[in-house]
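Overview (structure and organization)
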Amino acid sequence: APEGAPTGSWPSRERTAERRRPSTLPGPLVVGRAIRGAGLLGLATLSAVLVVKVAALVENSDLLPVKTVTVHGADGARVDEVLAYAAVPTGTPLLSIETGDVAARVAQHPFVSRASVRRVPPDAVIIDVVMRDPVATLSAGELYLVDDAGDVMKSARAGDGLDLPVIPGIDAAVLAAGIGAQGNDAVRGALLRLDAHARAGHPGGAISEIAVLPGAGYELVLEDGLRVRVGDDASDAGIVDKLGRLDAVLRRLANAGLRASFIHLDDDRRPERAAVRLRPVAETPPVGG
């Protein structure tokens, strides 16, 4: 031991050697311990197998049959459509339903933005959906429904409600290149003008078309056939300003008993000006008539 260390503070070599001696347990006891360990391991393995077997038995049994499938977030005919996409017949074992697979099937519905599915014991399945609605139709060889994000939903068909503004001027090749997946700048620009026109109080009436003009921006076609060139402003403020001027021009024309066939609001040199092409007198009814 080091000099000055208390007696007994360092183990002697004899005691250290004692601790390192091989086990002197009787052979039968060692074997017994090994057998007991193997038995416990086997029991644990058997328990795990039994749990898996029981779970599989319960999943495929008729103990918890589905009695109701409820859709939240849709109404009317859309509920029946969502149920058809979900394809979960009543009587299906509740625990055998893969909720992720059902949600993926429902999300294929063109009017469904997001879907989630829950199993609610003892006998119910609940489908939560976020629906999306078309706000315009895109004309590119045929008509396609477009949502408010600018994404193409599906080909337009009778019964889809086609009383919507039309967006012509998009090449079909651009559409084939994947416009439906992430939207398209030209389509989103058209929808930005549609929204700004609504916020401005629908000057000139409802929009029937928002034409995309390569190199010239956008042209609105209002319900009476009036065409309004609004350019390609990227800012919401610039678009709103132009539509405010459109409202002022239309009011002055109405006060004078005149109607326009074309209004140009995209003058880069004199942005405060508006160029107006008047309709022939024969096409202009008297004031109040």
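The structure reproduced in this document is the subject of the present report. Remember, it's a predicted structure, so these values are computed and weren't measured experimentally.

A short note on the nonpolar core
Core analysis: the largest hydrophobic core is formed by 31 residues, its most contacted members being L138, I167 and V228. Broken down by element, the residue count for this core peaks at six residues, all from helix α6 (residues 185–199). Those residues in contact with I167 that lie beyond four places of it in its chain are A136, T137, L138, S139, V187, A190, L191, I210 and V212. Counting 18 residues, the second largest nonpolar core, distinct from the first, contains V88, I97, V102 and V106.

A short note on helix α4 (residues 99–106)
Among all positions in α4, only V102, A103 and V106 are buried. The buried residues of α4 occupy an angular sector of 100 degrees when projected down its axis, which confines them to one face. Here the buried face of α4 lies against α3 (77–86), β2 (112–120) and β3 (124–131).

Here's the deal with the pattern of salt bridges
Following the criterion strictly, the structure yields 16 salt bridges and no others. In this structure, the salt-bridge partner of R118 is D128, at a minimum N-O distance of 3.1 Å. Of this pair, R118 sits in strand β2 while D128 sits in strand β3; the two residues are ten residues apart in sequence, bridging distant segments of the chain. On the basis of relative accessibility, which here comes to 40%, the residue R118 falls in the partly exposed class. K242 is paired through a salt bridge with D233; the nearest N and O atoms lie 2.5 Å apart. Salt bridges sharing common partners tie together D195, R199 and D236.

Topic: the pairing of β2
Here β2 runs beside β3; their pairing, made up of eight bridges, is antiparallel. Among the inter-strand pairings, R114 is bridged to a residue of β3, identified as V130. Counting the residues that bridge the hairpin from β2 to β3 gives three residues.

Observations concerning the side chain of T137
When you line up the elements, T137 lands in strand β4 (residues 134–140). T137 has contacts with L143, Y144, L145, L162, L164, P165, V166 and I167, leaving out every residue within four places of it along the chain.

Here's the deal with the pairing of strand β9 (residues 217–222)
Burial analysis of β9 places six of its six residues in the buried class, which makes it a mostly covered element. Bridge analysis of strand β8 (residues 207–213) against β9 gives six bridges, and the strand direction is antiparallel. What sits directly across from A211, in β9, is E219. Where β9 meets strand β10 (residues 227–231), four bridges bridge the pair, whose relative direction is antiparallel.

Some words on α6
Taking 1.5 Å of rise per residue, the 15 residues of α6 would be expected to cover 21 Å, and the 21 Å separating its terminal C-alpha atoms lies within 8% of that figure. Just downstream of α6, G201 is the residue with a positive phi angle, here 95 degrees.

Remarks on the environment of L265
Counting through the fold element by element, L265 comes out in the loop between β11 (260–264) and β12 (275–278). For L265 and V228, which are 37 residues apart along the polypeptide, the C-alpha to C-alpha distance reads 7.2 Å. Apart from the residues within four sequence positions on either side, L265 is in contact with V228, R229, V230, K242, R245, L246 and A274.

Looking at the environment of A173
Inspection of the secondary structure puts A173 in helix α5 (residues 172–182). With 33 residues separating them along the chain, A173 and A140 place their C-alpha atoms 8.6 Å apart.

What to know about the sheet that holds strand β1 (residues 68–72)
The three strands are arranged β1-β3-β2 in an open sheet whose pairing can be described as mixed. Pairing within the sheet leaves two strands with one partner each, and these edge strands are β1 and β2. Strand after strand, the sheet turns through a mean of 20 degrees between neighbouring axes, direction not considered. The sheet strands contacting α4 are β2 and β3, and the helix crosses β2 at an angle near 150 degrees.

Structural notes on the packing of α3 against α4
Two numbers describe how α3 lies on α4: the axes approach to 8 Å, and their chain directions differ by 130 degrees. One element, α3, and the other, α4, form an angle in the oblique class. The handedness of the crossing between α3 and α4 comes out as right-handed. Packed against α3, whose contacting residues are V82, Y85 and A86, the element α4 presents V102, R105 and V106 at the interface. Tallied by class, the residues present in the contact of α3 with α4 amount to five nonpolar, no polar and one charged.

Here we look at a nonpolar patch on the surface
A surface patch of nonpolar side chains, about 230 Å² in accessible area, is lined by L258, V276 and L278. Along the chain, the position of V276 falls in strand β12.

Parameters at a glance
- Note that residues are indexed from 1 along each chain, following the sequence as it is written.
- Where totals are concerned, whole chains, interfaces and linings use all residues; where local detail is concerned, this predicted model gives features only for residues with pLDDT of at least 70, and gives and counts side-chain atom pairs only at 80 or more.
- With hydrogens and water excluded, all non-hydrogen atoms of the structure serve as input to the side-chain values.
- In these notes, a set of buried Ala, Val, Leu, Ile, Met, Phe, Trp, Tyr and Cys residues joined through side-chain atoms within 4.5 Å is what counts as a nonpolar core.
- A simple rule labels every residue: compare its accessible area, found with a 1.4 Å probe on the protein chains alone, to the largest value its type can have, and call it buried under 20%, exposed over 50%, or partly exposed in between.
- Helix numbers and strand numbers start at the N terminus; a helix is a DSSP run of H or I with at least 4 residues, a strand a run of E with at least 2.
- We call two residues in contact when some of their heavy atoms are within 4.5 Å.
- The directions from the helix axis to the C-beta atoms form the arc being described.
- Between Lys or Arg on one side and Asp or Glu on the other, a salt bridge is scored when a side-chain nitrogen of the former is within 4 Å of a carboxyl oxygen of the latter.
- When DSSP finds two or more bridges between two strands, those strands count as paired.
- Helix span, expected: 1.5 Å multiplied by one less than the number of residues in the helix.
- Every angle, taken between N-to-C directions, lies between 0 and 180 degrees, and every axis is a line fitted to C-alpha atoms, over only the stretch in contact when it is a helix.
- Every angle not falling under 35 degrees, over 145, or within 65 to 115 is termed oblique; those three ranges are roughly parallel, roughly antiparallel and roughly perpendicular.
- Crossings are sorted by hand: turned counterclockwise from the far helix by less than a right angle, the near helix makes the crossing left-handed, and turned clockwise it makes it right-handed.
- Under the convention adopted here, Pro, Cys and the residues Ala, Val, Leu, Ile, Met, Phe, Trp and Tyr are nonpolar, Asp, Glu, Lys and Arg are charged, and Gly plus all remaining residues are polar.
- Exposure above 30% relative accessible area and the absence of a salt bridge qualify a residue for a patch, where like charges join within 9 Å and nonpolar side chains (Val, Leu, Ile, Met, Phe, Trp, Tyr) within 5 Å.
- Note on areas: Shrake-Rupley with a 1.4 Å probe; residue coverage comes only from the protein chains shown.

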